[in-house]
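Reading the structure
Given next are the chains, with one letter for each unit.
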Amino acid sequence: MQYVSTRGRAKALGFEDVTLAGLASDGGLYVPEVWPQFSQAEIAALAGLSYVETAVKVMAPFVAGSLTEDELRDLCTKAYGRFSHQAITPLVQLDHRHWLLELFHGPTLAFKDVALQLLGQLFERFLSRRDDHLTIVGATSGDTGSAAIDAVAGRDKIDIFMLHPEGRVSDVQRRQMTTVRAPNVHNIAISGSFDDAQALVKRMFNDTEFSTRFNLSAVNSINWARLMAQIVYYFYSAVRLGAPERPVAFAVPTGNFGDVFAGYAAAKMGLPVARLIVATNVNDILHRALADGDYSQGTVVPTATPSMDIQVSSNFERLLFDAGGRNGVALAEQMAGFEASRAMRLTNAQREGASALFRSARVDAEGMGLAMRWAYEGAAQIIDPHTAVGLAAARADDLDPTIPVVTLATAHPAKFSDAVERATGTRPPLPARVGSLFDREEAYSKLPGTFEAITAYVADHATPRT
Ligand SMILES: *Cc1c(COP(=O)(O)O)cnc(C)c1O
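Because the structure is a prediction, the values reported are computed rather than measured.

Here is what the cut-offs are and how they apply
Residues numbered from 1 in each chain as written. Predicted model: local features only at pLDDT ≥ 70, side-chain atom pairs only at ≥ 80, totals over all residues. Heavy atoms only, no water. Buried < 20%, exposed > 50% of the residue type's maximum accessible area, 1.4 Å probe, protein only. Helix = DSSP H or I, 4+ residues; strand = E, 2+ residues; numbered from the N terminus. Contact = heavy atoms within 4.5 Å. Axes fitted to C-alpha atoms, helices over the stretch in contact; angles between N-to-C directions. Left-handed = near helix turned anticlockwise from the far one by under 90°. Nonpolar A, V, L, I, M, F, W, Y, C, P; charged D, E, K, R; others polar. Polar contact = N/O pair within 3.5 Å; in protein donor to acceptor, adjacent residues only side chain to side chain. Pairing = 2+ DSSP bridges. Near = heavy atom within 4 Å.

**Observations regarding helix H6 (residues 143–152)**
Residue pairs spaced three or four apart in an α-helix point in one direction, given the helix's 3.6 residues per turn. Burial within H6 is extensive, with nine of its 10 residues counted as buried. Restricting attention to buried positions, one finds in H6 the residues Asp143, Gly145, Ser146, Ala147, Ala148, Ile149, Asp150, Ala151 and Val152. Looking at the buried side of H6, the elements it contacts are helix H5 (112–130), strand E6 (134–139), strand E7 (158–165), helix H7 (171–178) and strand E8 (185–190).

Next comes the structure, spelled out in structure tokens:
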């Protein structure tokens, strides 16, 4: 399989190169040159397969040329071996038509584990083949940091440096990062805000000499391999609810549009997806874009769903490219306009392409609380605030009621216990496997939030390329 850039100029690359590169050299994102096609019979044949075997079938066409099926199986077995539920992503029924797809049974209780555990395996396999070394640098306001650290801890071809704003992440979130004791894990608390940390990381990537010397890499959701891993659970859950004979709809709590784009990919591959409901909180740029074609950036309002508090949605570019007719040169121009004015209109082709599958909804704090209580009182399910935003959008949608709707449950409720307790009166306990967080010793360095301090620290602790 070859991958092309959404901005039309970078050269097409195979899966291994795309995984290690992350962003394309023209500033675009990689997408498959063609969508692999699954026939009805092939989808029907997924019934009864384990998660790992489903993953091998669904991802094999994407990794063709870089990994054999046996190699892929081996990596998936390792990646999903650390999940605490045998179904990996189990379905839970809420009423006659609403379901939850629990994506939080990985080591850090966030749905990001599903993709990052596999990405860690892929990195290691590809780097040992090339005898190369990677330095991952990232800034986190919470969930991504711990999932990324957990995925690469102890791997000798990778160093990871994770910056968090000192005193501005929760104790659980900080401890999930700082109690991982491995020689390749470097946690840094910087003075300043998350945006300051993010700006430092960006500046490091833009320093070509520095970034080449240490082979810097990012692990955010622009990496194609992350999206690919997320396609699997759309197939896995839809087949359990009757696909391919019966179509299924999905409601997705959305931030960077990675998770829901994986659902779009599944539909393009032949899965009968009736509808993809994009749920946003009051930071609603995606809702405005899908409902009215208005993609204009506002200022971020902090909410109880921090992983959806975004005003630019990096993976949305992939949809604009694919749904809008795959014209990379035109999209590069459109994106340059957006970067200059922080606003753009979707083209008619992009709007029509998207409206075939997508609907969207904006859910405020009240709608979120109502959904949490509905799940708790009607089905004894304690859900996290992000999941509740998705469920509120699912329940508000005007879809044909005979079609089952699956809401993606993206975080374990214990990660957001204060908000859950406020809505339901019940405080969800941390599962035993992370419960010992508060007994473990922490290790992290505190640094001033200056470029000089951070680069000097990374240069001292990372492995330069030979
Ligand atoms: C990252 C995240 C999201 C948003 O996912 P995207 O792929 O960025 O749209 C939603 N919920 C939770 C809990 C997350 O961690």
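**As for the packing of H5 against H6**
The contact between H5 and H6 brings their axes to 8 Å, and the two run at 35°. When you trace H5 past H6, the crossing you get is right-handed. Contact residues: H5 offers Lys112, Asp113, Leu116, Gln117 and Gly120, while H6 offers Thr144, Ala147, Ala148, Asp150, Ala151 and Val152. Taken together, the residues of the contact of H5 with H6 break down into five nonpolar, three polar and three charged.

**Overview of the side chain of Thr254**
With respect to the element layout, Thr254 can be found in the loop between strand E10 (248–253) and helix H11 (258–268). A polar atom in the side chain of Thr254 sits 2.7 Å from the backbone oxygen of Val252. Residues contacting Thr254, with those up to four places away along its chain left out, are Val260, Val278, Ala279, Leu286 and Met308.

**As for the sheet that holds strand E15 (residues 405–409)**
Adjacent strands of a sheet form backbone hydrogen bonds with each other and so pair up, either parallel or antiparallel. An order of E4-E5-E15-E10-E11-E14 is seen for the six strands of this open sheet, with the pairing classed as mixed. One side of each edge strand has no neighbouring strand; the edge strands of this open sheet are strand E4 (91–93) and strand E14 (358–362). Strand-to-strand twist across the sheet, computed as the mean angle between neighbouring axes with direction ignored, equals 25°. Helix-sheet contacts for H11 involve E10, strand E11 (273–280), E14 and E15, and the interaxial angle to E11 is about 170°.

**A few points about the site of the ligand**
Surveying the vicinity of the ligand reveals 14 residues, the closest of which are Lys112, Gly255, Asn256, Asp259 and Thr410. Separating an oxygen atom of the ligand from a backbone N or O atom of Gly258 is a distance of 3.2 Å. Measuring from an oxygen atom of the ligand, one finds a backbone N or O atom of Asp259 at 2.9 Å. The class makeup of the residues in the shell around the ligand is four nonpolar, seven polar and three charged.

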